[in-house]
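Survey of secondary and tertiary structure
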Amino acid sequence: MKRIVSIFKALMISSIRSPSVIFWNIFFPVILLLILASIFTNIGKGVSVKIAFVNESTTFKNTNMDFASYISDAFKSMSVATDGKTPILTLEAGSTQQFLNESLEKLKYGKINAIVVIPPLFNTQVYTTLLQQKSGLSLFSKPQVEIYTLQNDQTSNVAFTILSSVLEAFNSEFLKNSGNNSDFVSPVIEYISKSGQNFSYVDFVVPGILIMAVMTVSLFGITDDLLVQREKKVLRKLFVAPLNKSEYFFAMIFSNIIIEVIQIGIIIAIGFWLGATLNFNGWSIFYVIFTIVTTLPLGFFIASFAKSADSGNAMANIFNFLFMFLGGLFFPITGVPFAVKAIAYALPTTYLGNGLRSAMGVMSSPTPAYLNVIVPAAWAIVMGIYSVKTFKWEA
Amino acid sequence: MRFSAILKAMTFHSIRDRMNLFFNLFFPLVTLLIFGYVFSGIYSPQGSMNVGYYGQVLPAVSGIKYVEYPTLSSLQEAVNSGKIDLGFTLDGTSLITYVSPANIQSSDYYTSISKSVADEINKSKGITSIINVKRNDVSFSGKQINYLDNLIPGILALSIFSAGIFSITASLAHFRDKKVIKKFWTTPLAKWEFYAAFLFEKMIESFLSIILLFLIAMVFFHPPYSIDWLRFIVTTLAGTFGMMGIGMIILLLSPNARVASEISSVLYTVIMFFSGVYFPLDLLPKFLQDVAYGLPLTYIVIAMKSAMGIAPMSVLSYWLTIVIMFFGAVLVLLGFSRIFKID
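As the structure is a computational prediction, the values presented were derived from the model and not from experiment. Going along each chain's sequence as written, the residues are numbered from 1 onward. Chains carry letters from A onward and ligands carry numbers from 1 onward, assigned in written order. Restriction of local features to residues with pLDDT of at least 70 applies here, the model being predicted, together with a cutoff of 80 or more for giving and counting side-chain atom pairs; totals for whole chains, interfaces and linings are based on all residues. Only heavy atoms go into the side-chain values, all of them from the structure, while hydrogens and water stay out.

**Side note on empty space enclosed by the protein**
Rolled over the atoms, a probe sized like a water molecule indicates the empty space that remains. All names here are of chain A. Put simply, the rule reads: Buriedness of a pocket was judged along seven lines, with at least five required to meet protein on both sides within 12 Å; pockets are open sets of points on a 1 Å grid over the protein atoms alone, cavities are sets where a 1.4 Å probe fits but cannot get out, and lining residues have an atom within 4 Å of a point. Grid points are joined across faces, edges and corners, and a volume is the space filled by probe spheres set on the points. Residues are grouped as follows: Ala, Val, Leu, Ile, Met, Phe, Trp, Tyr, Cys and Pro are nonpolar; Asp, Glu, Lys and Arg are charged; all remaining types, including Gly, are polar.
Tallied over the entire structure, the rule returns 4 cavities of 30 Å³ or more. The computed volume of the largest cavity comes to approximately 40 Å³. Along its surface, the largest cavity is lined by T294, T295, L298, F323, P348, T349, L352, P376 and M383. Class assignment of the residues belonging to the lining of the largest cavity gives a composition of 6 nonpolar, 3 polar and no charged.

This is the structure in structure tokens:
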């Protein structure tokens, strides 16, 4: 026991003194969490889009039927900063064909995100359409507002969503005034969570980051403890001393578990600071421990078939990458080809992610609860047995 | 003659170095394929969507496969667990659309689906909106491009970034640590011959790996690029050279190859999220946008997209970027070669 404690102390001191261990195990998960949270909780909230408003309408100008000016005023009010916050949009306004052409060029070059074009007969067409709705006739064409966006540009998509919501609100208002609003159906988006509480992307990503962090310790920490030390012949020297392999093994496991416990504490604290809503009950604590236990053999597995520390590092990178991104730790795996989905459903991290999110009350698991235990456990057992049989303590 | 001999030796060394091949070729390839499939699935879902509903039967909309749920809670549960992409229920005049926040990246797409369903319901009641909204997508190239087409030049730029930096912080540092360079100095080899052969070989290696990655991307994903080959070649070479300059700074700040390699890995991992490869810079918070526009990789990504003909970059901006990248690196490499200590 004393020898285990001594070697445990030595490994812990070595980890604390290693900037790379501290960075990859503590700072990197935190940085990744902050990056993902700042990007994806910013979507549609803090984002500001640049719009060109082309008002070509020529009829009913400066009258109470100048509907185009109401829309223009709405956009202008959205471009004014209130309470020191960034305005939703930056507006450039014009009414000529030249302004439209220049705006189209700007859009193509990404200098603005969208263009709204109000047609010349807009006010007349709105008025006649309102009259038609009342009478049930269909003699005149409806006004058509054109919105130009940059293809496959996400900021442009956000701009379109904002602009179309404003026009949708005007539609609803016009219908209300024409007396036809009673049955008009409008979409209402609701984000739902398992617990019924407010649920944000941060809730989804914190368990994912937690699994990634624990997995990283095993993949890189244990691989390093075994392969680098074996290559440098440190293990050989250690076993010359009165220390047996199982004592080194347990000390190494404990030192890695301590690092994992520290990183879990930090990630959860940062998660709460970012506003995450996570439940901590017996099941979620059990599942965190289960995650630690089932990811530990990953490092042994790599160490058992990698011939050198370099090849071990390369394999650890590949495993890490596959398990992180195909395991859906940061984004759900949707809309991918069948073959990619099949690989994703064979990975333990897919089930660990589903299980931990379910245990923490973030979302219901898309996979059955028993699979969330059986699949990672099966991976751990197979890798553990393989490692025990094949790992060589000496190069 | 000595130059070609050392160039040959460097080439053999690179080909035989499995780790070099792994990180310069295999790893970017895996990155390209995984990110290609995962991110294009998120931003441009393919095929029909599984949409659940509770209560009133909803009108058919193309691209949607409906599944009926007997209770509201079972519908919500299905959305929450990711069994279906969206859930609908008509509550009076509100089409409640249930979305899981886990899918926030696809929220624009889901909003448009919800709007289409609401429009169809209104149409079936004989109510049509007063104002029609028509969306016109314009593109710089005039071609239909998707998320993946935007991602590929970004992945190539990342490869240029890693090839340039790691060639110095891994390869050159490794030569220094193993005292290979010191041994060269005992031969009649001039310093410039060694450095020139080293840089030349690394440039060729980087260029070939980018070309290979590009060809694989073309075979797997068929992106509709209009390639400006001059810009493509110049961006690859100047980008690699520029990143070698940064690699040299890292190397000089590091006591050994391992530390230099670690610093490069950290830099690579952090920078890749802020350079507009995976997420558009406009969607980042303002302070992160400022960080992003201070990073050289951001400009390599933009230059590579312009070379592929999918994003604009004026002639002046492009050549200014190239000149800064090229001459900046020349200055760094020249300056630091004076203080680069072999021992």
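**Concerning the nonpolar core**
Using the following cut-off: In these notes, a set of buried Ala, Val, Leu, Ile, Met, Phe, Trp, Tyr and Cys residues joined through side-chain atoms within 4.5 Å is what counts as a nonpolar core. Type-normalised accessible area, obtained with a 1.4 Å probe on protein chains alone, sets the label of each residue: buried when under 20%, exposed when over 50%, and partly exposed for intermediate values. Only DSSP runs of H or I reaching four residues or more are called helices, and only runs of E reaching two or more are called strands; each is numbered from the N terminus. Whether two residues are in contact is decided by their heavy atoms, any of which lying within 4.5 Å being enough.
Membership of the largest hydrophobic core comes to 141 residues, with the highest contact counts inside it found for L36, Y248 and F330 of chain A together with Y278 of chain B. A per-element tally of this core places helix α7 (residues 201-231) of chain A first, with 17 residues. Residues in contact with Y278 of chain B, not counting those within four places in the same chain, are T31, F35, F39, Y147, L151, I155, L158 and M272 of chain B.

**A short note on the interface of chain B and chain A**
Our working rule: A simple way to read buried area is as the amount of 1.4 Å-probe accessible surface that goes missing from two parts once joined, with both sides added. A pairing counts as a salt bridge when a side-chain nitrogen of Lys or Arg comes within 4 Å of a carboxyl oxygen of Asp or Glu. Each polar contact in these results corresponds to two N or O atoms within 3.5 Å; when the atoms are within protein, one needs to be able to donate a hydrogen and the other to accept it, and residues that are neighboring in sequence are counted only if both atoms are side-chain atoms. Strand pairing requires that DSSP identify at least two bridges connecting the strands.
Taken together, the contact pairs 82 residues of chain B with 90 residues of chain A. Approximately 8200 Å² of surface area, both sides summed, lies buried where chain B meets chain A, with 66% of it carried by carbon and sulfur atoms. Joining chain B to chain A, the criterion identifies 1 salt bridge. Two residues, E168 of chain A and K115 of chain B, come together in a salt bridge whose shortest N-O distance is 3.3 Å. Where chain B touches chain A, the interface holds 19 residue pairs in polar contact (both at pLDDT 80 or more). Breaking the side of chain B that touches chain A down by element, the ones donating at least two residues are α2 (18-43), α3 (72-80), β4 (94-99), α4 (107-124), β5 (132-138), α5 (147-177) and α9 (257-271) of chain B. Pairing analysis gives 6 bridges linking strand β5 (residues 186-191) of chain A to β4 of chain B, with the strands arranged parallel. In the sheet register, I189 of chain A faces β4 of chain B, and the bridge partner there is T97 of chain B.

**Considerations on the sheet that holds β5 of chain A**
Test applied: Whenever a helix is involved, its axis is fitted only over the stretch in contact; in every case the axis is a line through C-alpha atoms, and angles between N-to-C directions fall within 0 to 180 degrees.
Pairing in this open sheet of 5 strands is mixed, and the strands run β5(A)-β4(B)-β3(B)-β1(B)-β2(B) from one edge to the other. Bordering the open sheet on either side are β5 of chain A together with β2 (64-68) of chain B, each of which pairs with just one other strand. If you compare each strand with its neighbour and ignore which way they point, the axes differ by 30° on average.

**Examining the packing of aromatic side chains**
All names here are of chain A. Selection rule: Note on aromatic contacts: the rings of Phe and Tyr and the six-membered ring of Trp form a pair at centre separations within 6.5 Å, being stacked when their planes are under 30 degrees apart, edge-to-face when over 60 apart, and tilted otherwise.
According to the stated counting rule, one finds 37 aromatic pairs over all chains in the structure shown. Ring centres 6.3 Å apart and planes at 35° place the aromatic pair F23 and F28 in the tilted group. Each of the two residues, F23 as well as F28, counts as buried. Between F301 and F305 the ring centres are 4.9 Å apart and the planes differ by 75°, which places this aromatic pair in the edge-to-face class.

**Re unusual backbone geometry**
Residue and element names in this part refer to chain B. The backbone of K179 sits at a positive phi, close to 60°, despite the residue not being glycine. When you line up the elements, K179 lands in the loop between α5 and α6 (180-184). Even without a glycine there, the phi angle at H222 is positive, about 45°. Within the element layout of this structure, H222 appears in the loop between α7 (191-221) and α8 (229-253).

**Focus: the pattern of salt bridges**
Residues and elements named next belong to chain B. By the definition in use, this model includes 9 salt bridges over all chains. A salt bridge links K202 to E205; its shortest N-O distance comes to 3.3 Å. Highlighted residues: K202 and E205, both in helix α7, separated by 3 residues, approximately one helical turn. In this pair, the class of K202 matches that of E205, namely buried.

**As for the sheet that holds strand β4 (residues 144-150) of chain A**
Taken together, the 5 strands give an open sheet; going across it, the order is β2(A)-β1(A)-β3(A)-β4(A)-β5(B), and neighbouring strands pair in mixed fashion. The open sheet has two free edges, formed respectively by β2 (89-94) of chain A together with β5 of chain B, since each of these has just one partner strand. For this sheet, the mean inter-axis angle between neighbouring strands, taken without regard to orientation, is 20°. Pairing of strand β1 (residues 49-55) of chain A with strand β3 (residues 114-118) of chain A, which is carried by 5 bridges, proceeds in the parallel orientation. If you follow N55 of chain A over to β3 of chain A, its bridge partner there is I118 of chain A. Across the face of the sheet, helix α3 (residues 67-78) of chain A comes into contact with β1, β2 and β3 of chain A while running at roughly 160° to β1 of chain A.

**Observations regarding the confidence of the model for chain B**
All names here are of chain B. Rules: pLDDT runs from 0 to 100 and stands for how confident the predictor is about each residue.
On average, chain B scores 81 in pLDDT, and the residues at 70 or more come to 92%. Ranking the elements of chain B by mean pLDDT puts α2 last with 73 and helix α11 (residues 296-307) first with 91. For this predicted complex, the interface confidence reaches an ipTM of 0.72, while the overall pTM sits at 0.77.

**Observations regarding the pairing of β3 of chain A**
Residues and elements named next belong to chain A. Summarising burial for β3: 5 of the 5 residues are buried, a large majority. Side chains A114, V116 and I118 project from β3 onto one buried face, and the interleaved I115 and V117 project onto a second face that is buried too. Bridging between β3 and β4 involves 4 bridges; their strand directions are antiparallel. Bridging from a neighbouring strand, I115 pairs with Y148 of β4.

**Concerning the packing of helix α10 (residues 282-305) of chain A against helix α13 (residues 348-359) of chain A**
Residue and element names in this part refer to chain A. Stated precisely, the cut-off is as follows: Roughly parallel covers angles under 35 degrees, roughly antiparallel covers those over 145, roughly perpendicular covers 65 to 115, and oblique covers all other angles. Crossing chirality is assigned from the near helix's rotation relative to the far helix, an anticlockwise turn below a right angle marking it left-handed and a clockwise turn marking it right-handed.
Between α10 and α13, whose axes approach to 8 Å, the crossing angle comes to 160°. By the angle between their directions, the pair α10 and α13 is classed as roughly antiparallel. Considering only the axes of α10 and α13, their crossing is left-handed. In this structure, α10 uses W283, S284, Y287, V288, F290, T291, T294 and T295 to contact α13, whose residues at the interface are Y351, L352, G355, L356 and A359.

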